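A structural walkthrough
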Amino acid sequence: MVEIIPAILAKDEKEFRRKAESVADLCETIQIDVMDGAFVDNVTWADPKRIDLMRLPMAFEVHLMVKDPLASLDAWSVAGCQRAIVHAEAVEDVAEALRQIKLYGMEAGVSLNPETSVASVEEALAEADVVQVMGVHPGWMGQAFQPVAIEKVRTLREKFPDLVIEVDGGVAVGIARELAEAGADRLVSGSAVFNSGAPAKAIDALRADTDLE
Ligand code: DX5
(Lines give C-alpha, C1' and ligand atoms only; values in the text may rest on other atoms or scores of the structure.)
Protein backbone atom coordinates (compact mmCIF):
# COMPACT_ATOMS: atom_id res chain seq x y z
CA MET A 1 0.00 0.00 0.00
CA VAL A 2 1.51 3.35 -1.02
CA GLU A 3 1.44 5.90 1.81
CA ILE A 4 0.08 9.36 0.95
CA ILE A 5 1.87 12.11 2.88
CA PRO A 6 0.31 15.60 2.73
CA ALA A 7 2.95 18.31 2.36
CA ILE A 8 2.46 21.44 4.47
CA LEU A 9 3.99 24.50 2.84
CA ALA A 10 2.87 27.37 5.06
CA LYS A 11 3.70 31.09 5.02
CA ASP A 12 2.70 31.55 8.68
CA GLU A 13 1.63 29.64 11.77
CA LYS A 14 -2.07 30.23 11.02
CA GLU A 15 -1.80 28.54 7.61
CA PHE A 16 0.28 25.75 9.11
CA ARG A 17 -2.35 25.03 11.78
CA ARG A 18 -5.21 25.23 9.25
CA LYS A 19 -3.54 22.75 6.91
CA ALA A 20 -2.47 20.36 9.69
CA GLU A 21 -5.97 20.37 11.18
CA SER A 22 -7.54 19.75 7.77
CA VAL A 23 -5.72 16.39 7.45
CA ALA A 24 -5.56 15.52 11.18
CA ASP A 25 -7.43 12.21 10.96
CA LEU A 26 -6.70 11.46 7.30
CA CYS A 27 -3.04 10.43 7.31
CA GLU A 28 -0.36 8.89 9.51
CA THR A 29 2.34 11.37 8.57
CA ILE A 30 2.62 14.91 7.22
CA GLN A 31 5.68 16.43 5.57
CA ILE A 32 6.67 19.90 6.74
CA ASP A 33 8.29 21.96 3.99
CA VAL A 34 11.14 23.96 5.52
CA MET A 35 12.40 26.63 3.12
CA ASP A 36 14.96 29.31 4.03
CA GLY A 37 14.91 31.53 0.94
CA ALA A 38 18.54 30.61 0.30
CA PHE A 39 18.55 26.97 -0.87
CA VAL A 40 15.22 27.68 -2.60
CA ASP A 41 13.80 31.11 -3.44
CA ASN A 42 10.83 30.80 -1.09
CA VAL A 43 10.50 30.99 2.69
CA THR A 44 8.08 28.97 4.80
CA TRP A 45 6.97 29.12 8.43
CA ALA A 46 8.19 26.04 10.31
CA ASP A 47 9.19 26.73 13.92
CA PRO A 48 10.15 23.47 15.69
CA LYS A 49 9.37 24.81 19.20
CA ARG A 50 5.89 26.05 18.21
CA ILE A 51 5.19 22.84 16.31
CA ASP A 52 6.24 20.78 19.33
CA LEU A 53 3.75 22.72 21.48
CA MET A 54 0.96 21.90 18.99
CA ARG A 55 1.22 18.21 19.91
CA LEU A 56 0.23 17.25 16.36
CA PRO A 57 -2.00 14.13 16.25
CA MET A 58 0.04 12.63 13.40
CA ALA A 59 3.73 11.88 12.92
CA PHE A 60 5.74 14.40 10.93
CA GLU A 61 8.84 14.49 8.77
CA VAL A 62 10.73 17.59 7.73
CA HIS A 63 11.88 18.31 4.19
CA LEU A 64 14.84 20.60 4.78
CA MET A 65 15.14 22.82 1.72
CA VAL A 66 17.74 24.95 3.45
CA LYS A 67 21.38 25.90 2.94
CA ASP A 68 22.58 24.33 6.20
CA PRO A 69 20.22 21.41 6.96
CA LEU A 70 22.39 19.90 9.72
CA ALA A 71 22.14 23.06 11.84
CA SER A 72 18.49 22.43 12.71
CA LEU A 73 18.61 18.67 13.36
CA ASP A 74 18.79 19.09 17.15
CA ALA A 75 15.74 21.38 17.25
CA TRP A 76 13.68 19.06 15.02
CA SER A 77 14.68 16.03 17.05
CA VAL A 78 13.63 17.76 20.29
CA ALA A 79 10.32 18.71 18.60
CA GLY A 80 9.56 15.02 18.03
CA CYS A 81 10.28 14.85 14.30
CA GLN A 82 10.22 11.24 13.05
CA ARG A 83 12.23 11.69 9.85
CA ALA A 84 14.52 14.37 8.47
CA ILE A 85 15.12 14.62 4.71
CA VAL A 86 18.08 16.67 3.50
CA HIS A 87 18.95 17.60 -0.06
CA ALA A 88 21.94 15.92 -1.68
CA GLU A 89 22.59 19.31 -3.30
CA ALA A 90 22.90 21.06 0.10
CA VAL A 91 25.52 18.90 1.84
CA GLU A 92 29.18 18.08 1.18
CA ASP A 93 28.96 14.47 2.29
CA VAL A 94 25.56 12.79 1.94
CA ALA A 95 26.51 9.66 3.89
CA GLU A 96 27.82 11.76 6.79
CA ALA A 97 24.68 13.92 6.77
CA LEU A 98 22.52 10.80 6.97
CA ARG A 99 24.60 9.48 9.86
CA GLN A 100 24.19 12.81 11.67
CA ILE A 101 20.40 12.62 11.32
CA LYS A 102 20.38 9.12 12.80
CA LEU A 103 22.57 10.27 15.69
CA TYR A 104 19.68 12.58 16.62
CA GLY A 105 17.35 9.58 16.71
CA MET A 106 15.45 10.39 13.52
CA GLU A 107 15.04 8.35 10.35
CA ALA A 108 17.37 9.71 7.67
CA GLY A 109 16.37 10.68 4.16
CA VAL A 110 18.07 12.23 1.18
CA SER A 111 16.19 14.18 -1.49
CA LEU A 112 17.27 14.35 -5.16
CA ASN A 113 16.32 17.29 -7.36
CA PRO A 114 15.29 16.44 -10.92
CA GLU A 115 18.79 17.22 -12.21
CA THR A 116 20.56 15.09 -9.58
CA SER A 117 21.39 11.55 -10.67
CA VAL A 118 21.00 8.37 -8.65
CA ALA A 119 24.61 7.56 -9.49
CA SER A 120 25.79 10.68 -7.67
CA VAL A 121 24.46 9.41 -4.32
CA GLU A 122 24.54 5.64 -4.85
CA GLU A 123 27.35 5.03 -2.31
CA ALA A 124 25.59 7.05 0.38
CA LEU A 125 22.25 5.27 0.05
CA ALA A 126 23.49 2.48 2.32
CA GLU A 127 23.04 5.03 5.14
CA ALA A 128 19.55 6.14 4.04
CA ASP A 129 16.24 5.05 5.55
CA VAL A 130 14.46 6.73 2.63
CA VAL A 131 15.35 8.41 -0.64
CA GLN A 132 13.05 11.18 -1.84
CA VAL A 133 12.82 11.75 -5.59
CA MET A 134 11.70 15.28 -6.47
CA GLY A 135 9.06 15.53 -9.18
CA VAL A 136 9.62 19.28 -9.38
CA HIS A 137 12.39 21.72 -8.65
CA PRO A 138 11.72 22.55 -4.97
CA GLY A 139 10.29 25.82 -3.74
CA TRP A 140 6.62 26.01 -4.68
CA MET A 141 3.43 24.00 -4.72
CA GLY A 142 1.44 23.43 -7.89
CA GLN A 143 4.33 23.01 -10.33
CA ALA A 144 4.15 20.63 -13.30
CA PHE A 145 5.46 17.12 -12.66
CA GLN A 146 8.76 16.25 -14.39
CA PRO A 147 8.51 12.71 -15.83
CA VAL A 148 12.24 12.11 -15.26
CA ALA A 149 11.19 11.24 -11.70
CA ILE A 150 9.42 8.08 -12.88
CA GLU A 151 12.54 6.66 -14.50
CA LYS A 152 14.56 7.62 -11.42
CA VAL A 153 12.14 5.68 -9.19
CA ARG A 154 12.42 2.68 -11.50
CA THR A 155 16.22 2.83 -11.42
CA LEU A 156 16.30 3.11 -7.63
CA ARG A 157 13.89 0.19 -7.22
CA GLU A 158 15.96 -2.02 -9.51
CA LYS A 159 19.24 -1.18 -7.74
CA PHE A 160 17.86 -1.09 -4.18
CA PRO A 161 14.93 -3.52 -3.86
CA ASP A 162 14.45 -2.83 -0.13
CA LEU A 163 15.01 0.94 -0.05
CA VAL A 164 12.00 3.10 0.85
CA ILE A 165 11.33 5.44 -2.06
CA GLU A 166 9.30 8.62 -1.60
CA VAL A 167 8.29 11.04 -4.37
CA ASP A 168 7.55 14.72 -3.74
CA GLY A 169 6.34 17.36 -6.15
CA GLY A 170 3.65 17.40 -8.81
CA VAL A 171 1.96 14.22 -7.53
CA ALA A 172 -1.62 13.88 -8.80
CA VAL A 173 -4.02 11.11 -9.82
CA GLY A 174 -2.62 9.33 -12.87
CA ILE A 175 0.97 10.27 -12.10
CA ALA A 176 0.53 8.60 -8.71
CA ARG A 177 -0.32 5.31 -10.38
CA GLU A 178 2.73 5.49 -12.68
CA LEU A 179 4.94 6.17 -9.66
CA ALA A 180 3.43 3.27 -7.72
CA GLU A 181 3.99 0.98 -10.71
CA ALA A 182 7.61 2.17 -10.91
CA GLY A 183 8.12 1.18 -7.26
CA ALA A 184 7.40 4.21 -5.08
CA ASP A 185 6.39 3.49 -1.46
CA ARG A 186 5.30 6.97 -0.34
CA LEU A 187 3.90 9.94 -2.28
CA VAL A 188 4.06 13.46 -0.89
CA SER A 189 1.31 15.75 -2.09
CA GLY A 190 0.71 19.46 -1.61
CA SER A 191 -1.66 21.07 -4.10
CA ALA A 192 -3.54 17.90 -5.07
CA VAL A 193 -4.60 17.64 -1.41
CA PHE A 194 -4.75 21.21 -0.16
CA ASN A 195 -6.03 22.99 -3.29
CA SER A 196 -8.78 20.41 -3.81
CA GLY A 197 -11.25 21.92 -1.34
CA ALA A 198 -11.77 18.38 -0.03
CA PRO A 199 -8.57 16.87 1.43
CA ALA A 200 -10.26 13.58 2.44
CA LYS A 201 -11.57 12.96 -1.08
CA ALA A 202 -8.26 13.96 -2.63
CA ILE A 203 -6.30 11.59 -0.40
CA ASP A 204 -8.77 8.76 -1.06
CA ALA A 205 -8.42 9.38 -4.82
CA LEU A 206 -4.63 9.16 -4.59
CA ARG A 207 -4.89 5.99 -2.50
CA ALA A 208 -7.28 4.40 -5.01
CA ASP A 209 -5.03 5.44 -7.89
CA THR A 210 -2.04 3.71 -6.28
CA ASP A 211 -3.89 0.51 -5.32
CA LEU A 212 -2.33 -1.85 -7.86
CA GLU A 213 -4.11 -5.00 -6.61
C1 DX5 B 1 8.60 21.47 -3.28
C2 DX5 B 1 7.97 20.96 -2.00
C3 DX5 B 1 6.79 20.07 -2.23
C4 DX5 B 1 5.58 20.80 -2.68
C5 DX5 B 1 4.55 19.78 -3.07
O6 DX5 B 1 8.21 22.70 -3.58
O7 DX5 B 1 8.96 20.18 -1.37
O8 DX5 B 1 6.46 19.36 -1.02
O9 DX5 B 1 5.10 21.58 -1.63
O10 DX5 B 1 3.49 20.48 -3.65
P11 DX5 B 1 2.82 19.88 -4.97
O12 DX5 B 1 2.31 18.50 -4.57
O13 DX5 B 1 1.72 20.85 -5.26
O14 DX5 B 1 3.90 19.84 -6.01
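Residues numbered from 1 in each chain as written. Predicted model: local features only at pLDDT ≥ 70, side-chain atom pairs only at ≥ 80, totals over all residues. Heavy atoms only, no water.

Remarks on the environment of alanine 79
- Tracing the backbone through its elements, the reader meets alanine 79 in the loop between α3 (73-78) and β4 (83-87).
- Residue class for alanine 79 comes out buried when judged on its relative accessible area of 7%.
- Each C-alpha atom of the pair alanine 79 and leucine 53 lies 8.2 Å from the other, and the pair is 26 residues apart in sequence.
- Filtering out sequence-adjacent residues up to four positions away, alanine 79 remains in contact with Pro48, Asp52 and Phe60. (Helix = DSSP H or I, 4+ residues; strand = E, 2+ residues; numbered from the N terminus. Buried < 20%, exposed > 50% of the residue type's maximum accessible area, 1.4 Å probe, protein only. Contact = heavy atoms within 4.5 Å.)

Concerning the site of the ligand
- Neighbouring the ligand are 19 residues, the closest being Gly142, Asp168, Gly170, Gly190 and Ser191.
- Within the backbone of glycine 139, one N or O atom sits 2.9 Å away from an oxygen atom of the ligand.
- In the environment of the ligand, an oxygen atom lies 2.8 Å from a nitrogen or oxygen atom belonging to the side chain of aspartate 168.
- Expressed as a share of its isolated accessible area of 380 Å², the protein-covered part of the ligand is 100%.
- Of all the secondary structure elements, the ones that give two or more residues to the shell around the ligand are β2 (29-35) and β3 (59-65).
- Tallying contributions element by element places β2 first for the shell around the ligand, with 3 residues.
- Tallied by class, the residues present in the shell around the ligand amount to 8 nonpolar, 9 polar and 2 charged. (Near = heavy atom within 4 Å. Polar contact = N/O pair within 3.5 Å; in protein donor to acceptor, adjacent residues only side chain to side chain. Areas by Shrake-Rupley, 256 points an atom, 1.4 Å probe, with all protein chains shown as cover. Nonpolar A, V, L, I, M, F, W, Y, C, P; charged D, E, K, R; others polar.)

So far we have only geometry, and geometry alone does not tell us how the molecule works.
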